[in-house]
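Here are the chains, one letter per residue:
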Amino acid sequence: MWSLYYAPEVYGMTLEQQLDYFADTLEKNMTIFGGNYDYFIGLTDPQAVTTYYYEFYGRGYGSPSQQRLQNATVAAEYFGGGNDGA
């Protein structure tokens, strides 16, 4: 998940450590790159979450792919989320 160019400290981390790193950097990095963390955590549509994350944390080029957006919807449905904010 991580580019070692931008986040060399994640090298060799376990999944749990990477999740901790993500939790520790999400708000700060999102803000640095022009996003609004409070707005982000209020989003309920999986595709909107994915698009906002992609732009303000993942800093991808362009827009997220249709496959990525579709995967977000499938994952949200599988784990009990979705557009209803559950």
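Below is a short write-up of the structure. Only a predicted model underlies this, so the values are computations on that prediction, with no experimental measurement involved.

**Focus on the nonpolar core**
By size, the foremost hydrophobic cluster in this structure holds 11 residues: Trp2, Ala7, Val10, Tyr21, Leu26, Met30, Phe40, Leu43, Tyr52, Phe56 and Tyr57. Within the residue set of this core, elements represented by two or more residues are α1 (15–32) and α3 (46–56). Of the residues forming this core, the biggest block, three residues, is contributed by α1.

**Some details on the packing of aromatic side chains**
Enumeration over the complete set of coordinates arrives at eight aromatic pairs. Judged by centre distance (6.0 Å) and plane angle (20°), the ring pair of Phe40 and Tyr52 falls under stacked. Of this pair, Phe40 sits in helix α2 (residues 37–42) while Tyr52 is found in helix α3, placing the two residues 12 residues apart along the sequence. This pair shows no difference in class: Phe40 is buried, exactly as Tyr52 is.

**Here's the deal with the environment of Arg59**
Along the chain, Arg59 turns up in the loop between α3 and α4 (66–78). By relative accessible area, Arg59 is classed as partly exposed at 35%. Sequence separation between Arg59 and Tyr6 is 53 residues, and the spatial gap between their C-alpha atoms is 11 Å. Among residues more than four places away in sequence, those in contact with Arg59 are Phe33, Tyr53 and Tyr54.

**Structural notes on α1**
Each α-helix winds once per 3.6 residues, and so residues spaced three or four apart point in a common direction. In this model, α1 (18 residues) spans 25 Å end to end at C-alpha, consistent with the 26 Å of a helix rising 1.5 Å per residue. Of all bends in α1, the biggest is about 45°, found at Thr25. By the burial criterion, the buried members of α1 are Tyr21, Thr25, Leu26, Asn29 and Met30. Contacts from the buried residues of α1 go to α2 and α3. Once α1 ends, the next one or two residues include Gly34, with phi positive near 95°.

Analysis parameters
- Residues numbered from 1 in each chain as written.
- Predicted model: local features only at pLDDT ≥ 70, side-chain atom pairs only at ≥ 80, totals over all residues.
- Heavy atoms only, no water.
- Core = buried A, V, L, I, M, F, W, Y, C linked by side-chain atoms within 4.5 Å.
- Buried < 20%, exposed > 50% of the residue type's maximum accessible area, 1.4 Å probe, protein only.
- Helix = DSSP H or I, 4+ residues; strand = E, 2+ residues; numbered from the N terminus.
- Phe/Tyr/Trp six-rings, centres within 6.5 Å; stacked < 30°, edge-to-face > 60°.
- Contact = heavy atoms within 4.5 Å.
- Expected span 1.5 Å × (residues − 1).
- Bend = angle between axes of the 7 residues up to and from the residue.

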